[in-house]
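# Report on the structure
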Amino acid sequence: MKEQIVILDFGSQYTQVIARRVRECNVYSTIIHYNTPAAEIARMKPSGIILSGGPSSVYAPKAPLPDKTIFELGVPVLGICFGVQLLAHFLGGKVEKGQKREYGKGTLTIKDKSCALFGKLPPKLQVWNSHGDKLTKMPAGFKTVATTENSEYAAIENRAKKFFGLQFHPEVVHTPRGKEIIANFVHGVCGCGKNWTMRNYVDQAVEEIRAQVGQEHVILGLSGGVDSSVAAALLHKAIGDQLTCIFVNNGVLRAREAEVVQNVFARSFKIKLQYENATKIFMTRLKGVTDPERKRKIIGKTFIEVFSSAMKRVGKAKFLAQGTLYPDIIESVPIAGNPAALIKSHHNVGGLPKGMKFKLVEPLKNLFKDEVRLLGEELGVPKDIVWRQPFPGPGLAVRILGEVTPSRCEILRNADAIVVEEMKASGLYYKIWQSFAVLLPVRSVGVMGDERTYDYTIAIRAVESQDGMTADWVKLPYDLLEKLASRIINEVKGVNRCVFDITSKPPGTIEWE
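Presented here is a report on the structure given in the accompanying data block. Just so you know, these numbers come straight off a predicted model, no measurement behind them. (Residues numbered from 1 in each chain as written. Predicted model: local features only at pLDDT ≥ 70, side-chain atom pairs only at ≥ 80, totals over all residues. Heavy atoms only, no water.)

Within the secondary structure layout, R373 lies in helix α11 (residues 369-379). One buried charged residue, R373, forms no salt bridge at all, with the nearest opposite charge on D227 at 7.1 Å. Apart from the residues within four sequence positions on either side, R373 is in contact with V226, V386, W387 and R388. (Helix = DSSP H or I, 4+ residues; strand = E, 2+ residues; numbered from the N terminus. Buried < 20%, exposed > 50% of the residue type's maximum accessible area, 1.4 Å probe, protein only. Lys, Arg positive; Asp, Glu negative; His and termini not counted. Salt bridge = Lys/Arg side-chain N within 4 Å of Asp/Glu carboxyl O. Contact = heavy atoms within 4.5 Å.)

Turning our eyes to something else, we now look at the sheet that holds strand β13 (residues 319-321). A sheet is described by the order of its strands in space; here five strands give the open sequence β12-β11-β10-β13-β14, paired in parallel fashion. If you trace the sheet from one side to the other, it starts and ends with β12 (272-277) and β14 (359-361), each paired once. Pairwise comparison of adjacent strand axes, ignoring direction, gives a mean angle of 30° for this sheet. The pairing of β13 with β14 spans three bridges and is parallel. (Pairing = 2+ DSSP bridges. Axes fitted to C-alpha atoms, helices over the stretch in contact; angles between N-to-C directions.)

Our next topic: the packing of helix α6 (residues 226-239) against α11. Two numbers describe how α6 lies on α11: the axes approach to 9 Å, and their chain directions differ by 45°. Judged by the angle between their axes, α6 and α11 are oblique. Crossing angle aside, the handedness with which α6 passes α11 is left-handed. Two secondary-structure elements touch here, α6 through V226, D227, V230, A233, L234 and K237 and α11 through K369, V372, R373, L375, G376 and L379. Class assignment of the residues belonging to the contact of α6 with α11 gives a composition of seven nonpolar, one polar and four charged. (Parallel < 35°, antiparallel > 145°, perpendicular 65-115°, else oblique. Left-handed = near helix turned anticlockwise from the far one by under 90°. Nonpolar A, V, L, I, M, F, W, Y, C, P; charged D, E, K, R; others polar.)

To continue, consider the nonpolar core. Nonpolar side chains in soluble globular proteins tend to be buried together. Core analysis: the largest hydrophobic core is formed by 46 residues, its most contacted members being V404, I458, L476 and I488. Residues contacting I458, with those up to four places away along its chain left out, are L412, A415, A437, V438, L439, I488, V495, R497, C498 and V499. Counting residues in hydrophobic clusters, the runner-up holds 43 residues, among them W196, A205, L325 and V361. (Core = buried A, V, L, I, M, F, W, Y, C linked by side-chain atoms within 4.5 Å.)

Backbone torsion omega between K505 and P506 reads -15°, so that peptide bond is classified as cis. By the secondary structure assignment, P506 is in the segment after β18 (495-500). Each neighbour pair has its own omega, and for P506 with P507 the value is 10°, a cis peptide bond. Take P507: it is sitting in the segment after β18. Located in the positive-phi region is N26, a residue other than glycine, with phi close to 65°. Relative to the helices and strands, N26 is located in the loop between α1 (15-24) and β2 (28-33). A positive phi angle is found at K120, which is not glycine, with a value near 65°. Relative to the elements of secondary structure, K120 occurs in the loop between β5 (94-110) and β6 (124-137). You can call K120 exposed: its relative accessible area is 83%.

The following block contains the structure:
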């Protein structure tokens, strides 16, 4: 049984961040609902329990409260923000509304350097607060180990029981030394090693896949993106020729994408790959369509038809594999006023019909995106695939404003290939979130070789983001912009003008459609 830290989610917008910080300590973490019975938690054999923050008050009529017997499991507990208030509420302390809210940066003054959470840290730390209620009386057996300007109980401990509470948020980047505090809890208090590595995960995942699948066959929709590619490599390592991947060319792929996918997976990995060139049917159905939502629906519906037909030709298979990630299946607690709301968006391949009777195999369901990339490296998936930038499901169709035609696809495909090539040459491609070309439905007059032209405009987009929810435009060097524009105008027939998009998200979106 692997070591793990169990995180009870009380609706904090930072719960997933806590899980990430624990995993960065090379320790596995699991997020569970706040009211999970203590007996069920005990069966998980956690090395420690973390109580997340949350938007509620412990005294609110419908406050999210855990099974109180979790404090009797003999397991170390760390309460963060709302979590420390829960410790006080259940163990005999007192929580009241503060005279003033404590929000934003604060200074933590450590009073007891012998506290295990603060080993080797300086006596004063910058921390991030986000709370209105505050602890006004500690439970019996606890003592204060650190204070802030507005809280005399900013950090408390019951050393005998290994219970700790922090009124601030150590998991966020605004608490610069917060990761060390979490590491001190995970390693120093809970006694966890550093065994959560991708090399160990591969062995564990292979065993689990073989146990689930047995001798049955598995089908995977391979898009060429990071998630499906890594899932394919992992499944193939586990079950070999029991896996068949289906790759659908919808006509709106990037340059050489179909060729690269076939070379990497069919030829290098020796994975059974069924290639479906459905370009004609997609282009026919997209003819004359300019509305972005209609484009998406047509592409989605057509993909289902093509994929379903391909599956029948594969033959008998009991399992359908998906590149579902951990954030896709975590249920953040929908408590009133909780900005995290409900994150769950459990997806299936292309929205396949519910009538399809397959059992699901989700080999990446315990991983975050950056962990999937590390897993891909461990499995030998090429860097160009593992670290490729996000690409929209409808492909180039949502980067062609207006009607999608074969000729417009070719223009954009060639322009985008230049953007990717030059971004990689500059060393910026793997450092930012996304960089790509957009074909605008704008034609303008130009002069090329003493001749008048009337051709299309390409917009270049480059953004930095952590999760795609918000984004800032990247200030690309002028010489790089000059090179991009020069190459695109000179090498891509049908283009005579380039512009650079300097819109952030919000108010704009990353993609143009």
